[in-house]
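# Structural description and commentary
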Amino acid sequence: VDTVRALAQALPRGGELFLVLGSDQLAGLPGWREIDWLLAAAQPIVVPRGGLPGEELARLSGRLAPASLAALRRGLLAAEPLLVASTDVREG
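Keep in mind that what you see is a predicted model, and the values were worked out from it rather than measured. (Residues numbered from 1 in each chain as written. Predicted model: local features only at pLDDT ≥ 70, side-chain atom pairs only at ≥ 80, totals over all residues. Heavy atoms only, no water.)

## Overview of the side chain of Ser68
Examined against the element boundaries, Ser68 turns out to sit in helix 4 (residues 66-74). A distance of 2.5 Å separates the side chain of Ser68 from the side chain of Asp36, its partner in a polar contact. With residues near it in sequence (within four places) discarded, Ser68 still touches Asp36 and Leu39. (Helix = DSSP H or I, 4+ residues; strand = E, 2+ residues; numbered from the N terminus. Polar contact = N/O pair within 3.5 Å; in protein donor to acceptor, adjacent residues only side chain to side chain. Contact = heavy atoms within 4.5 Å.)

## Details of the pairing of strand 2 (residues 43-47)
In terms of burial, strand 2 is a largely internal element, four of the five residues being buried. Direction of pairing for strand 1 (residues 18-22) relative to strand 2: parallel, over a ladder of five bridges. Bridged to Gly22 within strand 2 is Val47. Handedness of the crossover is the feature at issue here: the chain leaves strand 1, passes through helix 2 (residues 35-41), returns alongside strand 2, and the resulting connection is right-handed. (Buried < 20%, exposed > 50% of the residue type's maximum accessible area, 1.4 Å probe, protein only. Pairing = 2+ DSSP bridges. Right-handed = clockwise from strand over helix to strand, strands pointing away.)

## Re the packing of aromatic side chains
Per the stated rule, a full pass over the model turns up zero aromatic pairs. The ring of Trp37 has Arg5 lying over it, and the distance from NZ or CZ to the ring centre is 4.3 Å. (Phe/Tyr/Trp six-rings, centres within 6.5 Å; stacked < 30°, edge-to-face > 60°. Lys NZ or Arg CZ within 6 Å of the ring centre and 35° of its normal.)

## Examining helix 4
Those residues of helix 4 that fall on the buried side of the exposure criterion are Ser68, Leu69, Ala71 and Leu72. Projection of helix 4 onto a plane perpendicular to its axis shows the buried side chains occupying an angular sector of 160 degrees, all on one side. Across from the buried face of helix 4, at angles greater than 90 degrees, the exposed residues are Pro66, Ala67 and Arg74. Looking at the buried residues of helix 4, the elements they touch are helix 2, strand 2 and helix 3 (53-59). (Arc of directions from axis to C-beta.)

Laid out in structure tokens, this is it:
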């Protein structure tokens, strides 16, 4: 949240921020600090990581603001699941 807030302040007028996350992170989003603000400030891009992301989003109904759920649905990529973890990418 702090990083996105700082980036948002540094953006030129009309600039956009995007938050890329794996669908395996969806279940934990209600525990993220200021999640509704974050999803309003940076359009989420949800990369499939196994399971059915649409079902994960349905389970978040009532746990996130409707606008947050709408942003997540807009950003859900129709792609094959990505099988590499971000840790692997950083270590590679």
